[in-house]
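Listed below, chain by chain, are the residues.
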Amino acid sequence: MPARSSICRFSTASSVFLVSIAHSTCRHVLIAVSLASHQAALFVLSLDAPAEQQRAYACVLNAEERARAERYIPPDVRRRFSVCRGYLRHLLGQNLGIAPAQVKLRTGQWGKPTLAHGPSPELHFNVSHSGEWALILLAHSPVGVDIELPNDRIGYRAIASQVLSPREAQPWQALSPAEQEQAMLDLWVCKEAVLKALGLGIAEGLRQVTLPVPVPTVAPFSPLALAGDLLWHLEDDGSCRTNHWIDPASWRLQMLPIIPQARAAVCTPANIDHISLH
C-alpha cells in the first residue's frame, strides 16, 4: 500500500474521501497510531503475503491459534487465518508497546475477540476478512467492521427473510431485482458491522437492526432502529454502561469503497468523526 495515509471524515454535509487500493500496491503497514477519543484507524491488509512474512506471522501465534489454523484443511484458508491473526498481533503489539506474542486476546460470549489485558487508554479493535483482503479497525471505544466479496453462488434476494427487519421490507420490495441484490449485500455488511460493534454475532440479530433502504453509499448515517431485545445479549459488568448502545443515534455507519468489487462498512460511536486509512 502507498506509504501515505488517506483520510476519511464523517460529515453529513460532505462526501467521504477514501481511495481504492490496488492489490499489487498493498503492503503490510505496521505503525503505532496516536488516537484521540474522536479518531479511529483502519488498516487494509492483503492476505496474499510473501512466504517470509507468512512464517514471521505464524511464529507469534499462540498454541490455540496454531491449532485452529491446522484445523483449516484448505491451505489458502489456513494461510489467510495465520497472516491475519499474526498481523493483528504485530499491530496491537506495536500500539501497546509489547511483543506480538505477549498480546493477550480473549473471545467474548458471542465470538468477538478483544484484548484480555487493560491498556490505558483502552484500545478496541475489530477484524473482518473476505477472500484475500482483511480490514482491521482500531479506536478507543467499541467499533465494528465488515467486508464481503460478492459470491455468485449466493442468491442475496433469497436471504431477505433472514436479513430484513419488518420496516425495511417494503422499501426493499420496491427496488428492481438487480437493486435488491445489491441492497441486500449492503444491508448485510452494515448490519454485521453494527452487531460486531455491539459485541454480538449475526445470530443475535440481523433482523433486529433497521437501516435505510437502499443504504447510503457516500454519506455516513445512523441506524433507524435497534431492537430493545439486543440489550439482553450485550456483555455488561453490572454498571449498565452498555444501555445506551441500543440508541441508534449512538452509532455512525459508513460504506467503504476501498477494495475493488468488495462491499465494506465500518460502525463507530457517533463521536468518532475522523478515520485514518493505512
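All figures in this text were calculated on a predicted structure; none of them were measured in a lab. Within every chain, residues take consecutive numbers counted from 1 along the sequence as written. Selection of residues for local features in this predicted model requires a pLDDT of at least 70, selection of side-chain atom pairs for listing and counting requires 80 or more, and totals for whole chains, interfaces and linings are taken over all residues. Each side-chain value is worked out from all heavy atoms of the structure, with water and hydrogens disregarded.

## Remarks on the overall build of the protein
Next up, step 1: In DSSP terms, a helix is any run of H or I states spanning at least four residues, a strand is any run of E spanning at least two, and both are numbered starting from the N terminus. Along the backbone of the protein there are six helices and 12 strands.
Next up, step 2: Only protein chains enter the accessibility calculation, which uses a 1.4 Å probe. A residue is then buried if its area is under 20% of the maximum for its type, exposed if over 50%, and partly exposed in between. Across the 278 residues in the protein, those meeting the buried criterion constitute 49%.
Next up, step 3: In the protein, once contacts between residues fewer than 6 apart in sequence are set aside, the share between residues at least 24 apart is 62%.
Next up, step 4: Here the open area of atoms and residues is found with the Shrake-Rupley method and a 1.4 Å probe, where only the protein chains shown may cover a residue. For the protein, the exposed area adds up to about 13,000 Å²; of that, 53% sits on carbon and sulfur atoms. Any pair of residues with heavy atoms lying within 4.5 Å of one another is described as a contacting pair.

## A closer look at the packing of aromatic side chains
Next up, step 1: Two aromatic rings, drawn from Phe, Tyr or Trp (for Trp, its six-membered ring), form a pair once their centres lie within 6.5 Å of each other, and the interplanar angle then sorts them: stacked below 30 degrees, edge-to-face above 60, tilted otherwise. On inspection of all chains with the given rule, the structure shows two aromatic pairs.
Next up, step 2: Look at Tyr57 and Tyr87: their rings are 6.2 Å apart centre to centre, the planes differ by 85 degrees, and that puts the pair in the edge-to-face class. A residue pair is termed long-range when its members are at least 10 positions apart, and Tyr57 in helix H1 (residues 51–59) and Tyr87 in helix H3 (residues 75–96) qualify at 30 residues. Neither residue differs from the other here; Tyr57 and Tyr87 are each classed as buried.
Next up, step 3: Look at Tyr72 and Phe81: their rings are 5.7 Å apart centre to centre, the planes differ by 55 degrees, and that puts the pair in the tilted class.
Next up, step 4: Tyr72 gets classed as partly exposed once you look at its relative accessible area, which sits at 25%.

## A word on the side chain of Asp186
Next up, step 1: Looking at the secondary structure, you find Asp186 in helix H6 (residues 177–197).
Next up, step 2: In this structure Asp186 comes out as buried when scored by relative accessible area, which is 4%.
Next up, step 3: Every residue in contact with Asp186, bar those within four places of it in the chain, is listed here: Val215, Thr217, Met255 and Arg263.

## Considerations on the sheet that holds strand E7 (residues 144–148)
Next up, step 1: DSSP bridges decide pairing: two strands pair if at least two such bridges lie between them. Sheet architecture is open: three strands sit in the order E7-E11-E10, paired in antiparallel fashion. Single-partner strands in this sheet number two, and they are E7 and strand E10 (251–255). Here the average twist between neighbouring strands, direction ignored, is 15 degrees.
Next up, step 2: By the bridge criterion, five bridges tie E10 to strand E11 (residues 263–269) in an arrangement that is antiparallel. When the sheet's bridge partners are listed, Met255 is paired in E11 with Ala265.
Next up, step 3: A fitted line through C-alpha atoms represents every axis, and for helices the fit uses only the stretch in contact; the resulting angles, taken between N-to-C directions, go from 0 to 180 degrees. Set on the sheet, H6 makes contact with E7, E10 and E11; between it and E7 the angle comes to about 150 degrees.

## Some thoughts on the confidence of the model for the protein
Next up, step 1: Averaged over every residue, the pLDDT of the protein is 85; the share at 70 or more is 83%.
Next up, step 2: For the stretch residues 1–5, pLDDT sits under 50, and the model shows 11 contacts to residues farther than four places along the chain or on other chains.
Next up, step 3: Per residue, pLDDT measures the predictor's confidence, with a range of 0 to 100. Below a pLDDT of 50 lies the segment residues 10–25, which in the model reaches 44 contacts outside its immediate sequence neighbourhood of four places, other chains included.

## Remarks on the pairing of E11
Next up, step 1: Counting buried residues in E11 gives six out of seven residues, a clear majority hidden from the surface.
Next up, step 2: Direction of pairing for E7 relative to E11: antiparallel, over a ladder of five bridges. By the bridge assignment for E11, Gly144 is matched with Cys267.

## Remarks on the nonpolar core
Next up, step 1: Among buried residues, those of type Ala, Val, Leu, Ile, Met, Phe, Trp, Tyr and Cys that are joined through side-chain atoms within 4.5 Å constitute a nonpolar core. With 35 residues, the main nonpolar core has Trp172, Met184, Cys190, Leu230 and Leu253 as its most contacted residues.
Next up, step 2: Residue assignment for this core shows that the elements contributing at least two residues are helix H4 (160–163), H6, E10 and E11.
Next up, step 3: Among the elements that make up this core, the one with the highest residue count is H6 (11 residues).
Next up, step 4: Leave out the neighbours within four places in its chain, and Leu253 touches Cys190, Ala193, Val194, Leu211, Pro220, Phe221, Pro223, Val266 and Cys267.
Next up, step 5: Core analysis: the next-biggest nonpolar cluster, separate from the first, contains 22 residues, Phe43, Leu91, Phe125 and Ile136 among them.

## Quick look at the pattern of salt bridges
Next up, step 1: Criterion for a salt bridge: a side-chain nitrogen of Lys or Arg within 4 Å of a carboxyl oxygen of Asp or Glu. Tallying each qualifying case throughout the model produces seven salt bridges.
Next up, step 2: The partner of Asp76 in a salt bridge is Arg79, with the nearest N and O atoms 3.5 Å apart. Here the residue Asp76 and the residue Arg79 both occupy positions in helix H3, the gap between them amounting to three residues, near one helical turn.
Next up, step 3: Judged by relative accessible area, which is 41%, Asp76 ranks as partly exposed.
Next up, step 4: Using a relative accessible area of 14% as the deciding quantity, one classes Arg79 as buried.
Next up, step 5: Put simply, Asp186 and Arg263 hold a salt bridge, and the shortest N to O gap is 2.7 Å. One end of the pair, Asp186, is in helix H6; the other, Arg263, is in strand E11, and 77 residues separate them in sequence.

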